[in-house]
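Working through the structure, step by step
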Amino acid sequence: QVQFVESGGGLVQPGGSLILSCVGSGSIISNYAMSWYRQAPGKRRESVATIFPSGVRNYSSSLKGRFTISRDNSGNTLYLRMNNLKPEDTAVYYCNRMAANPITDASWGQGTQVTVSS
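A few points on the structure. (Residues numbered from 1 in each chain as written. Predicted model: local features only at pLDDT ≥ 70, side-chain atom pairs only at ≥ 80, totals over all residues. Heavy atoms only, no water.)

As for the packing of aromatic side chains
Heads up, the condition is: Two aromatic rings, drawn from Phe, Tyr or Trp (for Trp, its six-membered ring), form a pair once their centres lie within 6.5 Å of each other, and the interplanar angle then sorts them: stacked below 30 degrees, edge-to-face above 60, tilted otherwise. Only DSSP runs of H or I covering at least 4 residues are called helices, and only runs of E covering at least 2 are called strands; the numbering of each starts at the N terminus. Burial status follows relative accessibility: with a 1.4 Å probe on protein chains alone, a residue under 20% of its type maximum counts as buried, one over 50% as exposed, and anything between as partly exposed.
The tally for this structure, following the rule as stated, stands at two aromatic pairs. Note on Tyr-37 and Trp-108: the rings are 4.9 Å apart at their centroids and 75° apart in plane angle, and the pair reads as edge-to-face. On the criterion of sequence distance, the pair formed by Tyr-37 in strand E4 (residues 34–39) and Trp-108 in the loop between strand E9 (91–97) and strand E10 (112–116) is long-range, its members being 71 residues apart. By relative accessible area, which is 11% here, Trp-108 ends up buried. Centre to centre, the rings of Tyr-94 and Trp-108 are 5.8 Å apart; their planes meet at 85°, and the pair counts as edge-to-face. With Tyr-94 in strand E9 and Trp-108 in the loop between E9 and E10, this pair connects stretches of sequence that are 14 residues apart.

Spelled out as structure tokens, the structure:
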């Protein structure tokens, strides 16, 4: 069972930027549709960005072009570049396959905390 490991979160001021990374085993990141998710306190886990094996990318409409998902096929690493961060982006960020069940999927990692605050 693959296990994902996320990193790169932290405390950032509004308007700042962060790059999150996600590592998985084998070739899963290059061979599957992969998504970044986030979960804010008291809210459901939501998908914010997806990249397909073809390279096609989809984003949550609420992001308005501030986030960019990418992957390093050779390194088997998934990235999320976040620009112009807002306090409402504060959440724990996770990566997993697209449409992963938030309760039953065993591949979820610990996530990485992103806090946007002045």
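Looking at the nonpolar core
Where we set the bar: By nonpolar core we mean a set of buried residues, namely Ala, Val, Leu, Ile, Met, Phe, Trp, Tyr and Cys, connected to one another through side-chain atoms within 4.5 Å. The contact criterion used is simple: two residues touch if any of their non-hydrogen atoms lie within 4.5 Å.
Phe-4, Trp-36, Leu-78, Leu-80, Met-82 and Tyr-93 are the most contacted members of the largest nonpolar core, which has 26 residues in total. The set of elements that each furnish at least two residues to this core consists of strand E3 (18–23), helix H1 (28–31), E4, strand E5 (46–51), strand E7 (67–72), strand E8 (77–82), E9 and E10. Dropping the residues within four chain positions of it, Met-82 is found in contact with Gly-16, Ser-17, Leu-18, Leu-20, Arg-66, Phe-67, Tyr-93 and Val-114. In this structure, Tyr-37, Val-92, Tyr-94 and Ala-100 belong to the second largest nonpolar core, which totals five residues.

A few points about the state of the cysteines
For clarity, the threshold we go by: Cysteine sulfur atoms that pair up within 2.5 Å are treated as a disulfide.
Under the defined criterion, the tally for this structure stands at one disulfide. For Cys-22, the disulfide goes to Cys-95, at an S-S distance of 1.8 Å. In this structure the cystine formed by Cys-22 and Cys-95 twists about its S-S bond by roughly 55°; its chirality is therefore right-handed. Linking Cys-22 in strand E3 with Cys-95 in strand E9, this pair joins segments that are 73 residues apart in sequence. For Cys-95, a relative accessible area of 0% puts it in the buried group.

Describing the pattern of salt bridges
How we decide: Salt bridges are defined as contacts in which a side-chain nitrogen from Lys or Arg sits within 4 Å of a carboxyl oxygen from Asp or Glu.
Tallying each qualifying case throughout the model produces three salt bridges. The closest approach of N and O atoms between Glu-46 and Arg-38, which form a salt bridge, is 2.8 Å. Taking the relative accessible area as the measure of exposure, Glu-46 reaches 35% and is therefore partly exposed. Between Asp-89 and Arg-38 there is a salt bridge, with the nearest N and O atoms lying 2.9 Å from each other. In this pair, Asp-89 is assigned in the loop between E8 and E9 and Arg-38 in strand E4, connecting sequence segments 51 residues apart. For Asp-89, a relative accessible area of 0% gives the class buried.

Details of the sheet that holds E10
In plain terms, the rule: Two strands form a pair only when DSSP identifies at least two bridges running between them. To define axes, lines are fitted to C-alpha atoms, for helices over the stretch in contact only, and angles between the resulting N-to-C directions are given on a 0 to 180 degree scale.
Strand order in the open sheet made by the six strands is E2-E10-E9-E4-E5-E6, with mixed pairing throughout. Two strands bound the open sheet, and with one partner strand each, they are strand E2 (10–12) and strand E6 (57–59). Going from strand to strand, the sheet's axes swing by 25° on average, the running direction of each strand aside. The pairing of E9 with E10 spans three bridges and is antiparallel. Within the sheet, the bridge partner assigned to Ala-91 lies in E10 and is Val-114.

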